[in-house]
Amino acid sequence: MFYVITISDSCSAGEAKDTSGPLLVGLIKETLKTESVNYLLIPDERDLIEKSLLYACDVLKVRAVFTTGGTGFAPRDVTPEATRAVITKEAPQLSLAMTLRSLEKTKFAVLSRAVCGIRDRTLIVNLPGSKKAVQECYESIVDVLPHVLNLLSDGEIESVRETHREVQQGTTNTKRQHVCPHATGKGSDDDRNSPYPMISVDEALQKILATLPSIETTRPQMSRVNIPPFRASIKDGYALKSIGGKGMKKVIGYIAAGDAIVRTNFTIDECYKINTGAPLPEHADAIIQIEDTKLISRENDYERMIEVLTDPEPSLDVRAIGSDLRMAEEVFRYRFPLDASQRGMLASIGEKVSLVKLKVAILSTGDELLHPYDAIPAEGSLEGKIYDSNTTMLVALIRQFGFTEDQCEIRQQVVKDDFESLENAVASLTGSMHVIICTGGVSMGDKDFVKPVLKHLGYKLVFGRVNVKPGKPCTYASSPTTKFFGLPGNPVSAFVTFHLFALPALRWYLCAINETKPQIAKCCLPMIDVELLDSINELDPRPEFARATIRSRKGKLLASVTGNQLSSRLKSTIDADALIELPAKTGERTSLKAGTLVKAYVIRSDFVSYYD
């Protein structure tokens with residue numbers, strides 16, 4: 001069992017939300033392979049901190065206590081003093097390791113007074129209060145924590161001895177140890193196969209969604225007003241008392257939308273001319289449309305007498321109060337990204353859009369990449385270089401699918417093809433971003449560092465290959481705070497795998513962080529059946545998602561592949577309305593005839609390009 005204690009006056013008083021404690025709980029579960037982590041939130045009171053530590057160590061006898069907060073110079077920062085009062089042995093080198101790691105990020109790390117130590121068989125570690133600092137400091141000591149815990153437990157002597165043997169023999173892993181991304185462990189140069197099993201598209205998506213947060217119920221939006229808030233006219237006409245029947249009526253006033261309610265009483269032989277949407281007079285109960293009346297006289301361009309040609313009935317053409325929506329009635333159940341209908345309904349009840357932004361980082365790796373909007377280089381300087389299209393494309397796709405700026409914050413960056421640059425980029429984004437989408441660096445090349453970097457940073461590699469064309473090297477990894485999509489560098493491969501894997505995850509994640517139950521059918525691309533317009537002469541050994549144009553002919557939807565389907569040929573996406581799923585080649589099936597029914601995944605809202 002482990003214990004996490006957040007020490008914060010503001011969080012315990014409900015004035016701020018604790019993000020560091022839950023992050024720490026997740027990190028412990030992920031790295032120490034346990035589900036048994038208690039969590040406590042208390043104010044900056046020294047006596048209470050001491051009692052909480054003693055309870056965790058002496059009563060619960062947990063293996064380790066991790067505190068966050070109260071380690072600075074402010075008058076109320078007393079966590080180190082409370083910790084020193086209960087520990088029996090100090091562990092200064094653990095504190096030093098955390099300080100050194102933090103100093104790599106900021107000079108203000110010198111202001112932390114964190115204490116680490118032992119009480120009986122329980123390890124106590126003080127961590128800073130900020131979410132970012134918690135992540136950095138925990139990662140600086142996580143590799144030695146299992147050994148520390150083994151040393152404190154009589155039952156783990158053999159594990160302790162094994163670790164000591166590895167250290168003495170120099171066999172423990174170091175940060176810069178590089179494992180060739182395609183090695184499977186045989187140790188010979190002829191080992192050219194990926195160590196990652198190739199899983200199906202469906203299995204890959206299931207594995208991704210299993211790592212994402214989920215909510216059991218969907219948040220409802222209730223109305224705080226009646227719509228309409230007054231009795232309103234449905235038509236342009238005349239407001240009158242239905243008891244007066246048809247016949248001659250004197251027009252005694254004009255009412256337009258936005259006018260105040262007329263509360264003066266009037267006779268059955270009188271009426272008010274009224275516009276659509278305007279409020280009915282208090283003593284009127286019916287509207288007669290203009291078409292059912294005859295103008296008798298005017299005075300100074302104003303109507304003075306009309307004849308009502310039909311018998312009015314009570315409530316005729318009247319919108320009752322709350323007839324569209326009543327106060328406290330459920331308006332809708334949230335779905336994300338918010339669309340025009342939901343935004344319109346929120347506006348109609350006077351509610352502002354309020355949601356938690358999804359934070360997404362887009363990385364593109366490659367020494368060959370140039371910024372697409374840079375000036376054209378001097379002659380010859382383009383040799384070996386290409387313009388980066390992936391970041392621009394992915395940002396545009398995210399926005400295209402409804403992730404507006406008020407719902408999704410996007411950062412983008414091009415990263416060099418080396419371990420250090422990629423590690424720094426991913427490390428700086430981990431914890432601060434919900435999702436990282438990276439293109440390139442996931443295949444079999446000598447500079448494909450994505451998988452080694454993810455492993456070093458403590459991510460769990462969920463899968464490293466998918467049985468799909470294009471996009472076989474597609475990689476997905478998960479940490480307690482950030483999810484990582486490693487998409488292939490070829491633009492079309494990135495395009496296809498974004499739609500199949502990243503898009504459903506983004507939709508799911510945005511729902512979950514906004515207290516809404518995600519629906520997998522709403523998160524994935526809509527699927528329809530289409531007929532092939534042309535034959536496919538040669539199927540691929542892998543299931544293929546080909547880009548296709550959709551046309552409607554006599555009620556049938558037909559799909560035509562958009563030319564050469566090379567994964568580098570981004571032009572194949574220009575006229576693509578859908579991704580059509582072509583089955584894998586088998587001994588019995590090597591091609592598909594025109595007219596064959598296939599599944600198509602719709603990628604555009606206006607997905608029919610031609611009507612024949």
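Residues numbered from 1 in each chain as written. Predicted model: local features only at pLDDT ≥ 70, side-chain atom pairs only at ≥ 80, totals over all residues. Heavy atoms only, no water.

Draft legend 1. Looking closely at the pattern of salt bridges. Under the definition given, this model contains 26 salt bridges. In this structure, the salt-bridge partner of E136 is K132, at a minimum N-O distance of 2.4 Å. You can see E136 and its partner K132 sitting in helix α6 (residues 131-141), four residues apart, about one turn around the helix. Residue E136 is classed as buried on the basis of its relative accessible area, which comes to 9%. The salt bridge involving R224 is made with E351; its shortest N-O contact spans 4.0 Å. (Salt bridge = Lys/Arg side-chain N within 4 Å of Asp/Glu carboxyl O. Helix = DSSP H or I, 4+ residues; strand = E, 2+ residues; numbered from the N terminus. Buried < 20%, exposed > 50% of the residue type's maximum accessible area, 1.4 Å probe, protein only.)

Draft legend 2. Seen up close, the pairing of strand β1 (residues 2-7). The buried fraction of β1 is high, at six of six residues. Note that β1 and strand β3 (residues 64-68) share five bridges and pair parallel. Counterpart to V4 in the pairing with β3 is F66. Where β1 meets strand β2 (residues 37-42), six bridges bridge the pair, whose relative direction is parallel. Following the sheet pairing, Y3 is matched in β2 by N38. (Pairing = 2+ DSSP bridges.)

Draft legend 3. Up close: a nonpolar patch on the surface. Where nonpolar side chains cluster on the molecular surface, the patch consists of F73, L96, L100, L103, F108, V110 and L111 and spans about 700 Å² of accessible area. Relative to the helices and strands, F108 resides in the loop between α5 (92-103) and β5 (116-119). By relative accessible area, which is 56% here, F108 ends up exposed. (Patch = residues over 30% accessible without salt bridge, like charges linked within 9 Å, V, L, I, M, F, W, Y side chains within 5 Å. Areas by Shrake-Rupley, 256 points an atom, 1.4 Å probe, with all protein chains shown as cover.)

Draft legend 4. Quick look at the sheet that holds strand β12 (residues 270-274). The sheet built from six strands is open, its strands ordered β13-β10-β12-β11-β15-β14 with mixed pairing. The sheet terminates laterally at β13 (286-289) and β14 (293-299), the two strands that pair on one side only. Going across the sheet, the axis of each strand differs from the next one's by a mean of 35°, ignoring polarity. (Axes fitted to C-alpha atoms, helices over the stretch in contact; angles between N-to-C directions.)

Draft legend 5. Seen up close, the packing of α5 against α6. Where α5 contacts α6, the two axes come as close as 8 Å, and the packing angle between them is 125°. With respect to α6, the element α5 is oriented oblique. In terms of crossing hand, the pair formed by α5 and α6 is right-handed. Across from L94, A97, M98, R101 and S102 in α5, the residues of α6 making contact are E136, C137, E139, S140 and I141. (Parallel < 35°, antiparallel > 145°, perpendicular 65-115°, else oblique. Left-handed = near helix turned anticlockwise from the far one by under 90°. Contact = heavy atoms within 4.5 Å.)

Keep in mind these values describe shape, not function.
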